[in-house]
Amino acid sequence: MKVLTIGRFLGVNSDNADFGSTISFFDYDIVVIDCSIIQHEYTANYSNSTYRGLKSISDNDSPLIVSDIERRKQEILDLLRLGRTVFVYTPVAQKVYVDSGKREYSGTGKNTRTTRIVNELDILKFLPCSINTITAEGSGIEPLRSPFFDDFWKKHMNELVYSAYFTSECGNPIAKIRGTDKVIASHISIENGNLVFIPNFINDDDDEDLEAGFIDSLKEIATKLKENSGDYTLPSWSQNYILPGEEECKSEILSLEADLEAVKHKISKQKEKLLTLEEYKLLFTGTGRSLEVQVAKVFKELGFEVSEGIPGRDDLILSYNGKVAVVEIKGVTKSAAEKHAAQLEKWVSEYLASKEVAPKGILIVNAFKDVPLTDRSEAAFPAQMLKYCESREHCLLTGTQLLNLYIHIKFHPEAKTTIIESIFNTKGLFTNEAGDYVTFAAPSEQEFVKQ
């Protein structure tokens, strides 16, 4: 039997690999996993190595650990279907935070602050069953009678220590903390194979004979479990003999695997498309730099030439068919304020003074940014600022209005010229009704946390 150890080297009678390595589990009859080592394979975030007391994985390694967990979980499931055995040192909770790829921005210019959004990740999700444990260290182990494990306990009791016990039922208990009902080792039959949780093997003296004996004992357990299940492993030479229908079956498997890869590629493309679409939600959720970038993106896609104003400002300069506009952008927790209109008028005056061209003033405000759209009942632009804006021919738009205009033009490109002219001609509140394309659906179950 070939044995692979993950996270801890156990002598010359077994191979060793990192959890994140490309070495496949399928070449082995037995895999032994030390979960406590896994997170150390991935680098911590440079600026904030921990978050809420847990390790925070770097931006580069975050997608790697997520991908490795999914890959190893599938390998273990397939390994068990093949009738093989996986040993796991009963682990304590193994949770980290990973980069979600999303960012939030606040402030402007040199004062712009970027918030990294992270998700909590349970490393133990690579296991084919859900487990709950509590940290507890000791060596007082009380074996439970079992024909498969009795010899193992007799041979290795002096080299075993526990680091956790189960708080909920997990398979068939095979050992507990002496004098208690706290289970520290368990056996679960899954598909055609076996998942076995055992206490930690300790070899402080690096005794090679001790390691070799431990590996041999794991092989004996795996052999007994296989015999008990009635399973039998075909010898390698049997692959040289072909039964009717075998080649067709193998060919169909290859075809289905190719189809699966094609589907995975399509899913990946759709996920990228979804992320791009979700960025437009910044128009009714964002503030600061992130909102400004998304507004600029929308105007560019509508055919405007877009340039940024003086660094440190929230304004954009738009050009379209010989017309020029200065845009002030704000994301605020309440309604727009007169000071926003006054700031816009200042940019308009400065542009006129420097370019000798009178630009259109456009104020885009994502008002009540932290309130769901269905709960935004107050006016985004209060009555006391309307007279001022109308007298200065400002066009007042909410982020949600801009998003609806953008989507409407995508569906109805013939309306583009009329809508853009309406923006340039509006004095005060923009009232061009393009329809409401943002619909309410049930909240997503996924939550993000900020670091």
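Since the model is a prediction, treat every value here as computed from it, not as a measurement. (Residues numbered from 1 in each chain as written. Predicted model: local features only at pLDDT ≥ 70, side-chain atom pairs only at ≥ 80, totals over all residues. Heavy atoms only, no water.)

1. Describing the sheet that holds strand β19 (residues 360–366)
Point 1. With mixed pairing, 6 strands are arranged side by side in an open sheet as β16-β17-β18-β19-β20-β21. The strands lining the two open edges of the sheet, one partner per strand, are β16 (305–308) and β21 (428–429).
Point 2. Here strand β17 (residues 315–320) pairs with strand β18 (residues 323–331) via 6 bridges, running antiparallel. When the sheet's bridge partners are listed, Y320 is paired in β18 with K323.
Point 3. Sheet strands in contact with helix α7 (residues 338–355) are β17, β18 and β19, and its direction is about 150 degrees off that of β18. (Pairing = 2+ DSSP bridges. Helix = DSSP H or I, 4+ residues; strand = E, 2+ residues; numbered from the N terminus. Contact = heavy atoms within 4.5 Å. Axes fitted to C-alpha atoms, helices over the stretch in contact; angles between N-to-C directions.)

2. Digging into the pairing of β18
Point 1. Among the 9 residues that make up β18, 7 are buried, leaving the element largely enclosed by the rest of the structure.
Point 2. In this structure, the hairpin formed by β17 and β18 is closed by a connection of 2 residues, where N321 is found at a positive phi of approximately 50 degrees.
Point 3. Where the polypeptide runs from β18 across α7 and back to β19, its parallel neighbour, the crossover connection is right-handed. (Buried < 20%, exposed > 50% of the residue type's maximum accessible area, 1.4 Å probe, protein only. Right-handed = clockwise from strand over helix to strand, strands pointing away.)

3. Some remarks on the nonpolar core
Point 1. Formed by 35 residues in total, the largest nonpolar core has its most connected members in I33, F126 and F197.
Point 2. Elements that contribute at least two residues to this core include exactly β1 (3–6), β3 (30–33), α1 (62–81), β6 (85–89), β7 (95–106), β13 (183–190) and β14 (193–198).
Point 3. With 5 residues, α1 is the single largest residue contributor to this core.
Point 4. Once residues within four sequence positions are removed from consideration, I33 is found in contact with I6, I76, V86, F87, V88, Y89 and F126.
Point 5. Listed in part, the 32 residues of the second largest apolar core include V295, L302, I420 and F424. (Core = buried A, V, L, I, M, F, W, Y, C linked by side-chain atoms within 4.5 Å.)

4. Here's the deal with the packing of helix α9 (residues 399–411) against helix α10 (residues 416–425)
Point 1. Between α9 and α10, the least distance of the axes is 9 Å, while the angle of their chain directions is 155 degrees. For the element pair α9 / α10, the angle class is roughly antiparallel. In this structure, α9 uses L405, H408 and I409 to contact α10, whose residues at the interface are K416, I419 and I423.
Point 2. The residue makeup of the contact of α9 with α10, split by class, is 4 nonpolar, 1 polar and 1 charged. (Parallel < 35°, antiparallel > 145°, perpendicular 65-115°, else oblique. Nonpolar A, V, L, I, M, F, W, Y, C, P; charged D, E, K, R; others polar.)

5. Comments concerning the UniProt feature "coiled-coil region" (unreviewed entry) in the protein
Point 1. Look at the UniProt record and you will see "coiled-coil region" (unreviewed entry) annotated at residues 246–273.
Point 2. Overall, residues 246–273 shows 100% helix and 0% strand. The separation of its end C-alpha atoms is 41 Å. (UniProt positions renumbered as here; feature names shortened; annotations may be inferred.)

6. Some points on α9
Point 1. The end-to-end C-alpha separation of α9 is 19 Å, in line with the 18 Å expected for 13 residues at 1.5 Å each.
Point 2. Taken as a whole, α9 has its buried residues at G399, T400, L402, L403, N404, L405, Y406, H408 and I409.
Point 3. Considering only its buried residues, α9 is in contact with α5 (282–285), α6 (288–301), β19, β20 (395–398) and α10. (Expected span 1.5 Å × (residues − 1).)

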